[in-house]
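So the chains spell out like this:
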Amino acid sequence: MELQDVLTFLGLVWVARWVLYIVLDVVAALRKFVLARLSNDNLPIKYGGKWAVVTGCTDGIGKEYARQLAQRGMNILLIARNKDKLNNVKQLIREEWPGVETEIVQVDFSHGRVIYQDIARHVEGKNIGILVNNVGMVSVPPKKFVEFREDEAWSHINVNVASVVAMTQLVLPGMLARGRGAIINVASLASSYPMPYLGIYSATKAFVDFFSESLSWELRGSGITVQTLRPGAVITHMTSYAEQMSKPSFFVATTKTYVTSALATLSHSGRTSGYWPHGLQEFLIDEIFNRRFYMYMIEWLVPSLIKAELKRVAEEQAKKK
Ligand SMILES: NC(=O)c1ccc[n+]([C@@H]2O[C@H](COP(=O)([O-])OP(=O)(O)OC[C@H]3O[C@@H](n4cnc5c(N)ncnc54)[C@H](OP(=O)(O)O)[C@@H]3O)[C@@H](O)[C@H]2O)c1
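Residues numbered from 1 in each chain as written. Predicted model: local features only at pLDDT ≥ 70, side-chain atom pairs only at ≥ 80, totals over all residues.

Comments concerning the pairing of strand 3 (residues 102-106)
Examined bridge by bridge, strand 2 (residues 75-80) and strand 3 share five bridges and lie parallel to one another. Directly across from Leu78, in strand 3, lies its bridge partner Ile104. Taken together, strand 2, helix 4 (residues 83-96) and strand 3 form a β-α-β motif whose crossover is right-handed. (Pairing = 2+ DSSP bridges. Helix = DSSP H or I, 4+ residues; strand = E, 2+ residues; numbered from the N terminus. Right-handed = clockwise from strand over helix to strand, strands pointing away.)

Considerations on the sheet that holds strand 4 (residues 128-133)
Within a sheet, neighbouring strands are paired by backbone hydrogen bonds and run either parallel or antiparallel to one another. Spatial ordering of the open sheet is given by 3-2-1-4-5-6-7, a layout of seven strands whose pairing is parallel. Edge positions in the sheet fall to strand 3 and strand 7 (271-272), since each has one partner strand and no second. Helix 6 (residues 150-178) rests against strand 1 (51-55), strand 4, strand 5 (181-186) and strand 6 (224-229) of the sheet, and its axis sits at about 165° to strand 4. (Contact = placed C-beta atoms within 7 Å. Axes fitted to C-alpha atoms, helices over the stretch in contact; angles between N-to-C directions.)

Here's the deal with the site of the ligand
Lining the immediate environment of the ligand, one finds 28 residues, of which Gly56, Gly60, Gly136, Ser188 and Thr236 sit closest. Among the elements that take part in the shell around the ligand, helix 3 (residues 60-71) stands out by supplying three residues, more than any other. (Near = placed C-beta within 6 Å.)

Notes on the packing of helix 3 against helix 8 (residues 255-264)
Relative orientation of the contacting elements helix 3 and helix 8 amounts to 60°, with a least axis distance of 9 Å. Between helix 3 and helix 8, the angle is such that the two are oblique. Between helix 3 and helix 8 lies a crossing whose hand is right-handed. Of the residues in helix 8, those touching helix 3 at Gly60, Ile61, Glu64, Tyr65 and Gln68 are Thr255, Lys256, Tyr258, Val259, Thr260 and Leu263. Of the residues contributing to the contact of helix 3 with helix 8, the split by class is five nonpolar, four polar and two charged. (Parallel < 35°, antiparallel > 145°, perpendicular 65-115°, else oblique. Left-handed = near helix turned anticlockwise from the far one by under 90°. Nonpolar A, V, L, I, M, F, W, Y, C, P; charged D, E, K, R; others polar.)

Points about the environment of Ala253
Tracing the backbone through its elements, the reader meets Ala253 in the loop between strand 6 and helix 8. Sequence separation between Ala253 and Thr236 is 17 residues, and the spatial gap between their C-alpha atoms is 9.6 Å.

Considerations on unusual backbone geometry
With glycine set apart, most residues show a phi of negative sign, and most peptide bonds adopt trans. With an omega dihedral of -5°, the bond running from Val140 to Pro141 counts as a cis peptide bond. The residue Pro141 is located in the loop between strand 4 and helix 6 in this model. Phi at Tyr197 takes a positive value of approximately 75°, unusual for a residue other than glycine. Examined against the element boundaries, Tyr197 turns out to sit in the loop between strand 5 and helix 7 (199-218).

Description of the environment of Ile104
By the secondary structure assignment, Ile104 is in strand 3. On the neighbour-count criterion, Ile104 (17 C-beta atoms within 10 Å) is partly exposed. Spatially, the C-alpha atom of Ile104 lies 17 Å from that of Leu170, the residues being 66 residues apart in sequence. Apart from residues no more than four positions distant in its own chain, Ile104 is found in contact with Leu78, Leu86 and Lys90. (Buried ≥ 20, exposed ≤ 12 C-beta atoms within 10 Å, placed from the backbone.)

Now the structure itself:
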């Protein structure tokens, strides 16, 4: 065989592999983003418990999960740190779905281990069907690691990492005893590769991604669904530092659009972006970008997003004067 034949053969194998990956990805996307929308499961029955626990439920993605789970007939254990905002969400659910029960737990996840006894008291005696490990934080705007204070760094770890492990330990035994349940762990597309200026955030989300997927493998056959969610940009306080991520566009979702899509994927995908345009980004990042190229791009992109935002804020303030 000549060198040219060998190269042709290798090229064909490479193209065939790509075509196969693309076909499999398209089929998976159709299943989780199109067919999944057609089913309207009774969540309390499917997941064996009337209660859902949502951490970080007073804003953004968590608030929308609380609303949509209430809409689907779940009682909600609302966990966040601000009493007034918790009462607002409780009130909102009471007005929209009067039959739904809610209970509030006011805790600050940045305090670490000490808060979980209190949460355990509220969990006790409830059949928890769904746990949404949503609470998360990021430095707004992003900054270099050397600019982090020690307490800020610990807060990121306590909020983004420890909460996922500790909440799962509180809720999982009950689910295992009933042989049913779902745990949704909110990671991020930011967990794909390391991100300069968002280093602690992307590393904590990589933890969630790995922990969640390993757990889902360990729990295969137990009746419990563990879903790893990896959203791209969703308009919330977290994305407020960048104008481009503060208004809806093809890649930037509102919380309602995002959660409607992500919740439909719950029993159809163990690890997903949750929303098909984010799935397209996931495909580009995973299959086309290379780690170094991605890191160069983020290193260039983040400071320019921050600069644009600082300029916009300064211009708005100047106009007001
Ligand atoms: N938005 C995005 O583009 C995006 C993309 C990928 C992944 N995610 C992930 O999605 C999850 C939700 O993010 P989001 O954008 O919805 O954030 P968000 O709008 O900032 O909301 C965060 C929620 O968590 C609560 N919270 C924050 N720190 C807390 C603490 N120390 N103790 C208790 N509660 C606390 C907040 O309460 P307060 O109102 O009191 O602050 C709020 O209810 C996070 O895990 C995030 O990493 C978001």
